[in-house]
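A structural walkthrough
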Amino acid sequence: MDIQQSLTDNLTPANKNLEVLKAHFGHCFDKQGNFQMEKFQAELESSELNFSRESYGLDWLGRSYSRLLASDAATTLLREDEAFNQKPENTNSQNLLLKGDNLEILKHLSHAYHEKVKMIYIDPPYNTGGDGFVYQDDRKFTVKELQRLAGVTEEKAKRILEFTMSKSNSHSAWLTFMYPRLYIAKQLLKDDGVIFVSIDDNEVAQLRLLMDEVFGEENFVAEFVWEKIHSVKNDAKYVSDNHEYVLCWSKNKSEVVINLMSRTAKMDSAYTNIDDDPRGPWASGDLVANEERKEGSFEVNSPITGKVFNVPSGKHWVVSKANLLEMIRDNRVYFGRDGNAFPRKKRFLSEVQQGLKPSTLLGCKDFGHNQEAKRELKALIGGELIAKHTPKPIRLISHLIRLGSGENDLIMDFFAGTGTTGDSILRLNCASNANRSYILVQLPEVVFDQDKISSYVELKNELGIEEPTIFEITKERLIRAANKLREERPVEVAGKDLGFKVFETIPLWEDYHHKAETLEEDTPPPFRGDLLGVDDLQALFITWKTHDGSPLTETAVDYDLGGYMGKYVNERLYLMEKNFTTDHLVTLLQKVDADADFNPRAVIVFESNFQSKNLRELSESLKNFQNQKSLEIDFIMRF
Ligand SMILES: C[S@@+](CC[C@H](N)C(=O)[O-])C[C@H]1O[C@@H](n2cnc3c(N)ncnc32)[C@H](O)[C@@H]1O
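Note that the structure is predicted; figures quoted are calculated from it, not measured.

Reading guide: rules and limits
- Residues numbered from 1 in each chain as written.
- Predicted model: local features only at pLDDT ≥ 70, side-chain atom pairs only at ≥ 80, totals over all residues.
- Heavy atoms only, no water.
- Domains from an automatic or database assignment.
- Near = heavy atom within 4 Å.
- Polar contact = N/O pair within 3.5 Å; in protein donor to acceptor, adjacent residues only side chain to side chain.
- Areas by Shrake-Rupley, 256 points an atom, 1.4 Å probe, with all protein chains shown as cover.
- Nonpolar A, V, L, I, M, F, W, Y, C, P; charged D, E, K, R; others polar.
- Salt bridge = Lys/Arg side-chain N within 4 Å of Asp/Glu carboxyl O.
- Helix = DSSP H or I, 4+ residues; strand = E, 2+ residues; numbered from the N terminus.
- Buried < 20%, exposed > 50% of the residue type's maximum accessible area, 1.4 Å probe, protein only.
- Contact = heavy atoms within 4.5 Å.
- Core = buried A, V, L, I, M, F, W, Y, C linked by side-chain atoms within 4.5 Å.

1. Looking at the domain arrangement of the protein
According to the domain assignment, the protein contains domain 1 (63-134 + 169-260 + 357-507), domain 2 (265-353) and domain 3 (529-638). Just the C-alpha atoms count here: the centres of domain 2 and domain 3 sit 75 Å apart.

Okay, here's the thing in structure tokens:
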């Protein structure tokens, strides 16, 4: 099938909801593709679905605008840091560090990573007033466009634009920032996935309602309270604020499993095996409870000495007589070393629950505090960071990762900051037989108060970067965390993935549009795709391939078509470069015939680098070839 696609200026995020609706309710769309809500509602009502009449929900200025942001096309391309990714420790890595605005990156990843991520942890700006959060947005909608796209009145469109341009830090601004990110993030989560979000008093109330809105109230799992500071601050104005929150929602509560916490050696040490029971160590437990009960009073004999026991007055046996006799027969009751002590039940370690239920209280004794996190960062990078990027302690993040993911899962953090999530994953992997991988996203935000941060000065000198951003700190921490593990745990790191790959967003070329349809006097000339350099073509390719569903860690094979290099990945062949000739076409078809590992289901060409005669020839030859071989190969001419 021949397809013409103008994709690059239309890189919209995946929206499977629409696909589901079209698949199941195709008859509720009219000829123009408009959805007929009344028809849909009538049909659902006839299947006895109740519609809620309650008009309760979260509303804010910018709500319709933030919906638009969630579905609007990306305005960037993805570029690979080839030199870094080709280092031996990184070539086969499944870990990713992505540089750029996370909304853009989430949009790029939404196709290839749809339902691939088991757990998301994020620590977004808290909007404390002092953390520098301001709403920033370089999308330049006109009032008219916004009216049409967001379906709002002229007056509202004006107010929204005013507020998106005013660098606001209101609750509305924060919600407008968070909504589209959470909305797309949800689509990346597996059906049994979970998301944890750190937050404090400033936005916790707004965030809870927002999470209800995006993930559904029924998918709420827990609100954890983490003790971030270990001592009470006596200089606090009213009350010392020692905690913050971690909110947890599941994608689908009926599928989710929150793992138990592992038992500690201390807990297990309470179990011994003084009578050499073949079932292993045990601890003794009470067989009586308070309060007199008629049926709970009866006599039993010690099987060793025959001594008779009944419950003391005011108490009752906690099991029936038949059960107690059975337990005695099975050597599950202990009468002391001499067989004359009051009976107690044996609780075998092998039979107790293998783990402990996690609690919503995360005390700093077990899960670390802000100072601990700073120390951890300092040990790797040196110096202190500013409030805006306050790191989290590894013990806290590791705990959340253990609760929310299995040992081979993919974990994402799209407000990576100093990279604690990546560091924690590496350590967890080395501490057990785990192979979790990560996707971290971080904005190359300029670090302010630079002189105060010795890490910054150190980095500047060490890396030779004139103005390192927080992204360089993230990257450097991940490198150093891996090196530290290599040094300290040479045995455990064997075979572990300690590397990562780096990609970044770059702005899409201005005026990138296919053909100037209306050639008026002052219309700029059409974009010259054929003038793009090697690096630009590579960025275009990475962006397309990711949009087509190939993960970033999946590298394409350079496929030689007799001197013309195509790129082959996931049964898709990309022909990006110029000078494709009939000879290359002949080789291409021969190779499809002869090479068992080469089975393109789609041939995608960058139209600007092809002459129309080549395109026609390619299209026709592919059609003939498919007919002869009963194959299906889509031919996609893309811009
Ligand atoms: C509170 S910090 C995260 C700290 C992190 N949990 C740690 O342990 O280091 C939030 C980070 O999100 C980054 N950030 C803010 N807006 C972003 C955006 N739109 N895209 C990507 N990163 C962003 C900030 O630069 C900041 O470093």
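Further notes follow.
2. A word on the site of the ligand
In the vicinity of the ligand lie 21 residues, with Asp123, His389, Thr418, Thr420 and Glu445 positioned nearest. Asn102 has a polar backbone atom sitting 2.9 Å from a nitrogen atom of the ligand. Contact between the ligand and Lys392: an oxygen atom at 2.9 Å from a main-chain N or O atom of the residue. Contact with the protein chains hides 95% of the accessible area of the ligand, taken as 600 Å² for the molecule alone. Within the shell around the ligand, the residues separate by chemical class into seven nonpolar, eight polar and six charged.

3. What about the pattern of salt bridges?
Oppositely charged side chains may form a pair once their charged atoms are brought near each other. If you walk through the whole model with that rule in mind, you get 33 salt bridges. With a shortest N-O distance of 3.0 Å, Glu213 and Arg63 are connected by a salt bridge. Residue Glu213 is located in helix H10 (residues 204-215), and its partner Arg63 is located in helix H3 (residues 63-71); the two are separated by 150 residues in the primary sequence. Residues Glu326 and Arg329 are paired through a salt bridge, measuring 3.2 Å at the closest nitrogen-oxygen approach. Of the two residues, Glu326 and Arg329 both sit in helix H12 (residues 321-329), three residues apart, roughly one turn of that helix. Of the residues examined, Glu326 reaches a relative accessible area of 42% and is grouped as partly exposed.

4. Some thoughts on the environment of Leu69
By the element assignment, Leu69 lies in helix H3. Sequence separation of Leu69 and Tyr183 is 114 residues, and the distance between their C-alpha atoms is 10.0 Å. When residues no more than four places from it in sequence are discounted, the contact partners of Leu69 are Leu103, Lys107, Tyr135, Asp137, Arg139, Thr176 and Pro180.

5. Observations concerning the nonpolar core
One finds Leu182, Leu210, Met412 and Leu540 to be the most contacted residues of the largest nonpolar core, which totals 84 residues. A per-element tally of this core places helix H9 (residues 171-188) first, with 10 residues. The two domains that each donate at least three residues to this core are domain 1 (63-134 + 169-260 + 357-507) and domain 3 (529-638). Judged by nonpolar contacts, the second largest core, of 35 residues, contains Phe196, Ile425, Ala482 and Val493.

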